[in-house]
Structure formats: structure tokens, C-alpha cells
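Okay, here's what each chain looks like letter by letter:
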Amino acid sequence: MTSHDQFAEDLPHYALGALEGAERIALESHLRECNACRRELQQLEGDMALLSLSAAGPAPPARARQRLMSAISQEPRSRAVPRRRSWAWIPILAALIFAALSLFLWRDRETWKQRYAELQRNTQQNAAEVEHAREVMALFSGPDAMHVTLTAANVKPEPHGKALYRARDGMLMFIAGNLAPLPPQKSYELWLVPMNGAPMPAGIFKPDARGNAMVMNPPMPKGMEAKAFAVTIEPEAGSPTPTMPMVMSGAGE
Amino acid sequence: MAPEPQPTDVALVAAIRSGDQNAMAQLYDRYSGVVYGVALRVLADTGAAEDVLQDVFMQLWRNPAAFDSSRGNLGAWLAVIARHRAIDQLRKRRPETDIADVVISCEQNLENHADRSRIVEKVRGILSGMPAPQRVALEMAYFQGLSHSEISAKTGEPLGTIKTRIRTALMTLRKAFIP
């Protein structure tokens, strides 16, 4: 006799509640795996129901009905009590949760991988741009770079400057050359001349020995539209208003 | 005039889910005789049988979701639950069977009073037609909740014989209802 046959033979006794101990535990374990035995158990429960019917007949006293109706009126709402069933669904639920979590983590991992790769690309690009800017800056301001100003033949080199300005975020870069040496305790001061109103200070600077100078990103308000830029000579600490005459000036192109 | 069709068990259970007390009363009127009869047969005590009756229908009221039509028909389900609860009470133990775990395969329509009465009479006829030792062993196991060893001790028959008698009696009952 196979173990299945033995379990099948025990099923009526299990349905009657007559199986106990290790036999009962073993059969319940078998029931979780055996569809045929589960179906047979349902059939046996049906047989038991028929057997129960043989006892039907005596009517309960009327007070039993009143007692029940009174009790349910004390609990007017049918409360949906969560079913307590066998725990066989737990492994299935756990497997589903694990599968969903795995899928989620896999997708999340893929997303993070993409983001990381993108970040890495951006970082590399930014690093390249910074390096390029550093090289440009080093070329402008480095003492080892040769600065040559080309002018028309037989014309004495004049002071000149170039301002790069973006009103949206107030970014300003100013490069000047051929500046005359300053008197003691004096500075050059750059001015932003707005569309309306008085000129605004845009940085003080002193030229190097060769007359070159640079102003990078002085503190400027955002969104200030510029009509022109100008340079004057001011006290060393700067001045709130430009002192005439202007050394040089230029309007926006 | 044709009698007004009675609502089905499924419809009444659905109404109970919505808190319909009248639906509960209808189901009680339909099946209280079955539930009470089983409990009384097991417990042989009207007060204790009333307690089981109350308990079984209160469980249905509180948790109608425990029964659904895929678990068999309601009458058969209540009959089996009633027997479980009565045996628990007889043995003064906590309920061992979760009502939501009971799944029954029963093709008999118990909703209609006439059909139910016909089936009850048929079952009684089958039982009375069985060899007495088979019927006694089956009824001792089912209505008295005795273990096979206890039946063996009471009847003086070998354990294997008791098991065989019970199994044979159940098969006889089943075969009588196979169309």
C-alpha cells in the first residue's frame, strides 16, 4: 500500500475528527499536496452533512429565535471578520511578494544604473568644461602668456577692454589691456550703465605690469539690463559713483 | 395561485452581508431545525443544543464571508458546522474546526422544505437499512464523537473492524445519492 493509499484510507476517520496526533498532522500535510484527497475529503464532508440531516426534525423553542434576533439586533451591522483559513496561502503570498519585490528592485536597479551612468557622463563633461575654462583663464591671467594687441600701423596702442555680460543671471567677465599704470592709492573701477538710472559699480581692479587686467563675476543683481560699460579711475577701495573722466566706455553690441 | 418563489440561500447570505436582519430570520427559519436537531442529537440537552444553535447562526451573522457558494450548499455547510460545534461542546474544548476551512461537496438541494424533508427521510431509510453494527459504529463516531479506539473498547470489536464498518457505512450512504 502506498502512502497515498494509506492517507486515503484514513480520510473518513479524519473527517469524523477521529484521527489524532502524528497521524492527523501527517494527513493534513498530505492534504496540502494532494488534490485527489482534498476532493475526497469534500465528498466525505458531504456524506457527513447527509448524516447530520438524519437528526433533523425537532424544532427549537420559539425563544431561541427571539434570542438570536435580539442578539443580532445588538450587532446591527454585519461585521466582516477576516477569514481565518489554513496557512497554506502564506507561501504563495510570500512568493508573490518576493517576485514583485524582485521585479521592483530589478527595475529600480536598472533606473539607478541609468541615472548613475548619466551622472557620470555629466560629471565627465563638466570636468572637461572646467578644465577648458581653467586653461582659458590661465592663458588670460598667467604671467607666462604673451599678450599681443594688434592695431593699425603707426598708431600708438590705446587702452581697450572687452565685457561679456549676461543680464539673466548677472554673469560678467571683463578683460582689459594697455592700461596705464595707476597713481598710488587708486584703482580702476568698472561700471555697468543700466538702461535707466545711475551707473552701478561692477568691480575694482588693478592692471599687471603689462597693463592687463581681468574682472570675473563681480556681485551683480540678476536681470539688470545694461546699456553700456565704462571704466574710471577711483580711490583704491572704489567709489559709489564714477569719477570723470572715463578711461574707456562701450555700448552693447 | 403559484406560491411566491423563495429567495435562494446565496441571495440571503448576500443580504446578510449588507446587514439585513430579515434575511437572517429567513435563513434561521429554513435551517434551524437541521442545526438544532444535530446539536440535540449530539448533546442530548435542549439548553446546550440551543447554545449551539445560537452560536452557529451568530457566526453566520458575524462572518457571512466564511460561507460562499463554492464551499457547497449552505444547508449542508450549517449541518456540518453544527456537528463540529456540538462535539466541541460535548468534549468541553475550544472549537477545533475553523468554519472557513469547511468545504463540502453536496449536490442535494436543501433550500426547499419539501426537498429537504424527502432527503431526510431517504437518509434515515438508508441508515435503517444498513447492518446494525455498521450503523451503530458510524453513529457512535459521528454523533457521539467517539474515537475508533473508544468505539472498539465499547463494542468489543477489533479496531480494524470498526474502521472498516465506518468506511463501508459512509460509502453506502454516498452511493445511495449518486444519480
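Residues numbered from 1 in each chain as written. Chains lettered and ligands numbered in written order. Predicted model: local features only at pLDDT ≥ 70, side-chain atom pairs only at ≥ 80, totals over all residues.

Chemist: Sorry if this is basic, but what is going on with the overall build of chain A here?
Modeler: Counting secondary structure elements, chain A contains five helices and seven strands. Taken from N to C terminus, the helices and strands of chain A fall in the order α-α-α-α-α-β-β-β-β-β-β-β. The buried share of chain A, reckoned over its 253 residues, is 22%. Put simply, of all contacts in chain A between residues at least 6 apart along the chain, 58% involve residues at least 24 apart. (Helix = DSSP H or I, 4+ residues; strand = E, 2+ residues; numbered from the N terminus. Buried ≥ 20, exposed ≤ 12 C-beta atoms within 10 Å, placed from the backbone. Contact = placed C-beta atoms within 7 Å.)

Chemist: Whenever I open this one, the sheet that holds strand S5 (residues 213-216) of chain A confuses me. Can you help?
Modeler: Through backbone hydrogen bonds, the strands of a sheet pair up, either in parallel or in antiparallel fashion. Residues and elements named next belong to chain A. Spatially, the three strands line up as an open sheet ordered S1-S2-S5, and their pairing is antiparallel. Looking at which strands have only one partner, the edges of the open sheet turn out to be strand S1 (160-166) and S5. Each strand of the sheet is rotated relative to its neighbour by a mean of 5°, with strand direction disregarded. Sheet topology note: the strand S2 (residues 171-177)/S5 ladder contains four bridges and is antiparallel. (Pairing = 2+ DSSP bridges. Axes fitted to C-alpha atoms, helices over the stretch in contact; angles between N-to-C directions.)

Chemist: Which parts of the structure should I look at to understand the packing of helix H3 (residues 35-53) of chain A against helix H4 (residues 74-90) of chain B?
Modeler: For any two helices packed against each other, one specifies the inter-axial angle together with the distance between the axes. It is at 8 Å that the axes of H3 of chain A and H4 of chain B come closest, and there the two elements cross at 80°. Relative to H4 of chain B, the element H3 of chain A lies roughly perpendicular. Across the interface between the two elements, Glu45, Gly46, Met48, Ala49, Ser52 and Leu53 of chain A from H3 of chain A touch Ala76, Ala79, Val80, Ala82 and Arg83 of chain B from H4 of chain B. (Parallel < 35°, antiparallel > 145°, perpendicular 65-115°, else oblique.)

Chemist: Any chance you could explain the interface of chain B and chain A here in plain terms?
Modeler: Often, the extent of an interface is quoted as the loss of accessible area upon association of its parts. Each partner contributes to the interface: chain B provides 60 residues, whereas chain A provides 43 residues. Ranked by the residues each element gives to the side of chain B that touches chain A, the list is headed by helix H2 (residues 21-43) of chain B, at 12 residues. Along the lines of polarity and charge, the residues of the side of chain B that touches chain A split into 36 nonpolar, 13 polar and 11 charged. (Nonpolar A, V, L, I, M, F, W, Y, C, P; charged D, E, K, R; others polar.)

Chemist: Explanation requested: the confidence of the model for chain B in the structure shown.
Modeler: The predicted coordinates of low-pLDDT regions are not to be read in fine detail. Per-residue confidence for chain B averages 88 on the pLDDT scale, and 91% of its residues sit at or above 70. Here the predicted complex scores 0.58 on pTM and 0.89 on ipTM. (pLDDT = per-residue confidence, 0-100.)

Chemist: Sorry, what's going on with the nonpolar core here?
Modeler: Within soluble globular proteins, side chains that are nonpolar generally end up buried alongside one another. Of all hydrophobic cores here, the largest spans 75 residues; its most connected members are Val35, Ala39, Leu78 and Ala82 of chain B. Ranked by residue count, the leading element in this core is H2 of chain B, at 13 residues. Apart from residues no more than four positions distant in its own chain, Ala39 of chain B is found in contact with Ala49, Val52, Leu53, Ala82 and Ala86 of chain B. Counting 17 residues, the second largest nonpolar core, distinct from the first, contains Leu172, Phe174, Leu192 and Ala230 of chain A. (Core = buried A, V, L, I, M, F, W, Y, C linked by C-beta atoms within 7 Å.)

Chemist: Is there a simple way to explain the sheet that holds strand S4 (residues 200-205) of chain A in this structure?
Modeler: Residue and element names in this part refer to chain A. On the basis of which strands lie adjacent, the open sheet formed by four strands has the order S4-S3-S6-S7 and antiparallel pairing. Of all the strands in the sheet, just S4 and strand S7 (246-251) have a single pairing partner and so form its edges. Here the average twist between neighbouring strands, direction ignored, is 20°. By the bridge criterion, five bridges tie strand S6 (residues 226-235) to S7 in an arrangement that is antiparallel. Considered in S7, the bridge of Ala228 is made with Ala251.

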